[in-house]
Amino acid sequence: MAKVTRDDVARLAGTSTAVVSYVVNNGPRPVAAATRERVLAAIKELGYRPDRVAQAMASQRTDLIGLIVPDARQPFFAEMAHAVEQAAAGRGKMVLVGNSDYLDEREVHYLRAFLGMRVSGLILISQGPSVHAAAEIDAWDARVVLLHRRPEAIDDVAVALDDVGGARLATRHLLDHGCAYVACLGGVESTPVSGDPVADHVTGWRLAMDEAGLDTRGRLFQAPYNRYDAYRVALDLLAGPDRPPALLCTTDDQAIGVLRAARELRIDVPGELAVAGFDDVKEAALTDPPLTTVGSDREAMAEAAVRLALGDGPDNGGDRVHQFPVTLRVRRSCGCAG
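Because the structure is predicted, anything quoted here is derived from the model rather than measured.

K.L.:
Just checking my understanding: could you explain the side chain of Asp279 for this structure?
P.N.:
Of note, Asp279 is situated in the loop between strand 9 (274-278) and strand 10 (292-295). One buried charged residue, Asp279, forms no salt bridge at all, with the nearest opposite charge on Arg298 at 5.7 Å. Every residue in contact with Asp279, bar those within four places of it in the chain, is listed here: Phe76, Thr251, Asp252, Thr293, Val294, Gly295 and Arg298.

Here it is, written out as structure tokens:
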């Protein structure tokens, strides 16, 4: 059977090959609805399959969006990647995902690889200050959208949350339950980095504690972001003589590890230990007890990031940071009835 060509589609639809191209590529020129329907019907009847390689060579762009995440095994990044994929699919794009593993050199590796593939857009969830990443982006003169955090070294548009406000809100909520104080399970960084969500969560915790007239000294503990290492840290912390009455975890994955440790130590949550997390991953609603956490509209963030990456994002009044609001998802781990 001879290969079906664009000429065949145009002939059956009663239009030009240029119009077929506009329909297949969603532009650059608009096509009347009736004509578009005829072209799509012809494509379906003939079984036409566009040559994506040829399209990419002609346009110097592919139908791909690059997404770099620190660790797709972590629930928050997995859910965010899925939301980005859904938003991209709605615009006829596919997503390539690379894991930086929190390593600067891996981040640069994927930046160089994706930009070299002429992706239509690039979304970066950066693992750190990204000085080397910034140099790579400058070298390619590329438009990159920063998602979830705002590294100082990269001066590009960002889609982020009110991380400080969210942590402040969660800490206040724990204090409103009558807890004498709230400890915080932060990250492993010795020096907080501006724009890092976890560092901002710690800042929000400090603000709420200061506003309540409570001391934060000796009440900030370090743990990796994943549940497995946080579980081991929590075993030591909760078994010690200075077990806190309440704990704000800067990620939900940490909080899940804390809940596991509390159960093994027969510590009642929330009776003896109130716990709150941050991210509102889907699993947070299924923990025992269900986890109170700070959430956001992840789908709206992903949609904004994709639109910005493709160059047609929402106007933000000249502000390069598109900040999304947060919501406290109240469940039973804090002491509420759920």
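Once the structure has been displayed, the description carries forward.
K.L.:
Honestly, the pattern of salt bridges in this entry has me stumped. Any pointers?
P.N.:
Two side chains bearing opposite charge may form a pair once their charged atoms approach each other closely. For the structure shown, the criterion picks out 17 salt bridges. With its nearest N and O atoms 2.1 Å apart, the salt bridge here joins Glu211 to Arg168. With Glu211 in helix 9 (residues 197-211) and Arg168 in helix 8 (residues 163-176), this pair connects stretches of sequence that are 43 residues apart. For Arg168, a relative accessible area of 28% corresponds to the partly exposed category. The salt bridge involving Arg227 is made with Glu283; its shortest N-O contact spans 2.9 Å. Residue Arg227 is located in helix 10 (residues 227-239), and its partner Glu283 is located in the loop between strand 9 and strand 10; the two are separated by 56 residues in the primary sequence.

K.L.:
How should I be thinking about helix 3 (residues 33-46) in this particular structure?
P.N.:
The periodicity of an α-helix, 3.6 residues per turn, causes residues three or four places apart in sequence to face the same way. In this model, helix 3 (14 residues) spans 20 Å end to end at C-alpha, consistent with the 20 Å of a helix rising 1.5 Å per residue. Among the residues of helix 3, Thr35, Val39, Ala42 and Ile43 are the ones counted as buried. Buried residues in helix 3, looked at end-on, bunch into an arc of 100°, giving them a common side. Exposed residues pointing more than 90 degrees away from the buried face of helix 3 are listed as Ala33, Ala34, Glu37, Lys44 and Glu45. If you follow the buried residues of helix 3, they end up packed against helix 1 (6-13) and helix 2 (17-24). Of the residues trailing helix 3, Gly47 is marked for its positive phi of about 70°.

K.L.:
Teacher, can you tell me more about helix 12 (residues 298-309) here?
P.N.:
In this model, helix 12 (12 residues) spans 16 Å end to end at C-alpha, consistent with the 16 Å of a helix rising 1.5 Å per residue. For helix 12, the full list of buried residues reads Arg298, Met301, Ala302, Ala304, Ala305, Val306, Leu308 and Ala309. One or two steps after helix 12, the chain reaches Gly311, where phi turns positive at roughly 85°.

K.L.:
What should I look at first to understand the packing of aromatic side chains in this one?
P.N.:
Both the distance between ring centres and the angle between the ring planes are used here to describe each pair of aromatic rings. Tallied over the full model, the rule gives three aromatic pairs. Aromatic pair Phe76 and Phe77: ring centres 5.5 Å apart, planes at 70°, arrangement edge-to-face. Phe76 gets classed as buried once you look at its relative accessible area, which sits at 6%. Each ring, one from Tyr110 and one from Phe114, has its centre 5.7 Å from the other, and the planes form 40°; the classification is tilted. Of this pair, Tyr110 and Phe114 are both found in helix 6 (residues 104-116), four residues apart, which corresponds to roughly one turn of the helix. Of the two residues, Tyr110 and Phe114, neither departs from the other in class, the shared state being buried. Geometry around Tyr181 places Arg219 over its ring, the cationic atom sitting 3.7 Å from the centre. The cationic tip of Arg260 hangs over the ring face of Tyr231; the distance from NZ or CZ to the ring centre is 5.9 Å.

K.L.:
What is the right way to read the packing of helix 8 against helix 9 from this model?
P.N.:
Each pair of packed helices can be described by the angle between their axes along with the distance between the axes. Packing of helix 8 against helix 9 brings their axes to within 7 Å, and their N-to-C directions diverge by 45°. Classified by the interaxial angle, the pair formed by helix 8 and helix 9 is oblique. Helix-helix and strand crossings are classified by hand; for helix 8 and helix 9 the assignment is right-handed. Packed against helix 8, whose contacting residues are Asp163, Val164, Ala167, Arg168, Thr171, Arg172 and Leu175, the element helix 9 presents Pro197, Asp200, His201, Thr203, Gly204, Trp205, Leu207, Ala208, Met209 and Glu211 at the interface. Of the residues in the contact of helix 8 with helix 9, the class split is eight nonpolar, four polar and five charged.

Calculation criteria
Residues numbered from 1 in each chain as written. Predicted model: local features only at pLDDT ≥ 70, side-chain atom pairs only at ≥ 80, totals over all residues. Heavy atoms only, no water. Helix = DSSP H or I, 4+ residues; strand = E, 2+ residues; numbered from the N terminus. Buried < 20%, exposed > 50% of the residue type's maximum accessible area, 1.4 Å probe, protein only. Lys, Arg positive; Asp, Glu negative; His and termini not counted. Salt bridge = Lys/Arg side-chain N within 4 Å of Asp/Glu carboxyl O. Contact = heavy atoms within 4.5 Å. Expected span 1.5 Å × (residues − 1). Arc of directions from axis to C-beta. Phe/Tyr/Trp six-rings, centres within 6.5 Å; stacked < 30°, edge-to-face > 60°. Lys NZ or Arg CZ within 6 Å of the ring centre and 35° of its normal. Axes fitted to C-alpha atoms, helices over the stretch in contact; angles between N-to-C directions. Parallel < 35°, antiparallel > 145°, perpendicular 65-115°, else oblique. Left-handed = near helix turned anticlockwise from the far one by under 90°. Nonpolar A, V, L, I, M, F, W, Y, C, P; charged D, E, K, R; others polar.

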